Amino acid sequence: MAEKKGTKTMLEVGFVSKLSETLKSLDDTSRNALAVEAKIRPATINELASGKSKQFNFETLAAILEALNRISEEKGYIKKFNVNDVFEYDPDKKESH
């Protein structure tokens, strides 16, 4: 019997999470604090940060970026965050399973 093909994780298709680095740059802001600020389930933030996310939508991405920018502003930083601060595409870093 053939094994059913499942949806691949972001790492398996070459997307590398930058979220942990970004949170660290914001005075070690926690994943949970981002989830609260973005009004997104903590599990979604954890899956994204670990590269285990299998699907992602633009509404979620926008909420994360808006929250990162609010946190940045509240902490007195000038930095404006964009998609590359959440994840990047690097086909050379594909992870196979």
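What you see is a predicted model, and the numbers here were worked out from it, not measured in a lab.

Moving on, we come to the packing of helix H2 (residues 31-38) against helix H4 (residues 58-74). A packed helix pair is summarised by two numbers, namely the angle formed by the two axes and the spacing between the axes. Two elements in contact, H2 and H4, have axes separated by 9 Å at closest approach and are oriented at 110 degrees. As summarised for this structure, H2 and H4 are arranged roughly perpendicular, according to the angle between their axes. Counted together, Leu34, Glu37 and Ala38 of H2 and Ala63, Ile64, Ala67, Leu68, Arg70, Ile71 and Glu74 of H4 form the full contact between these two elements. Looking at the contact of H2 with H4, its residues break down into 7 nonpolar, no polar and 3 charged.

All right, on to the packing of aromatic side chains then. Applying the stated criterion across every chain yields a total of 3 aromatic pairs. Seen in terms of ring centroids, Phe15 and Phe87 are 5.6 Å apart; in terms of plane orientation they differ by 90 degrees. Their pairing is edge-to-face. On the criterion of sequence distance, the pair formed by Phe15 in strand E1 (residues 15-17) and Phe87 in strand E2 (residues 87-89) is long-range, its members being 72 residues apart. The class for Phe15 is partly exposed, based on a relative accessible area of 29%. When its relative accessible area of 14% is taken as the criterion, Phe87 is described as buried. Arranged with centres 5.7 Å apart and planes meeting at 85 degrees, the rings of Phe56 and Phe87 form a pair that is edge-to-face. Residue Phe56 is located in the loop between helix H3 (42-50) and H4, and its partner Phe87 is located in strand E2; the two are separated by 31 residues in the primary sequence. Here the aromatic cluster, defined as three or more aromatic residues joined through ring pairs, consists of Phe15, Phe56, Phe87 and Tyr89.

On to the environment of Gly76. Along the chain, Gly76 turns up in the loop between H4 and E2. Look at Gly76 and you get exposed, because its relative accessible area is 60%. With 51 residues separating them along the chain, Gly76 and Ser25 place their C-alpha atoms 12 Å apart.

Moving on to the packing of H2 against H3. Following both chains from N to C, one finds H2 and H3 inclined at 125 degrees, their axes separated by 8 Å at the closest point. Of the possible angle classes, the one that applies to H2 and H3 is oblique. As for how H2 packs across H3, the hand of that crossing is right-handed. For the pair formed by H2 and H3, the contact residues are Arg31, Asn32, Leu34 and Ala35 on the first element and Pro42, Ile45, Asn46 and Ala49 on the second. Residues of the contact of H2 with H3, tallied by class, amount to 5 nonpolar, 2 polar and 1 charged.

The rules we used
- Residues numbered from 1 in each chain as written.
- Predicted model: local features only at pLDDT ≥ 70, side-chain atom pairs only at ≥ 80, totals over all residues.
- Heavy atoms only, no water.
- Axes fitted to C-alpha atoms, helices over the stretch in contact; angles between N-to-C directions.
- Helix = DSSP H or I, 4+ residues; strand = E, 2+ residues; numbered from the N terminus.
- Parallel < 35°, antiparallel > 145°, perpendicular 65-115°, else oblique.
- Contact = heavy atoms within 4.5 Å.
- Nonpolar A, V, L, I, M, F, W, Y, C, P; charged D, E, K, R; others polar.
- Phe/Tyr/Trp six-rings, centres within 6.5 Å; stacked < 30°, edge-to-face > 60°.
- Buried < 20%, exposed > 50% of the residue type's maximum accessible area, 1.4 Å probe, protein only.
- Left-handed = near helix turned anticlockwise from the far one by under 90°.

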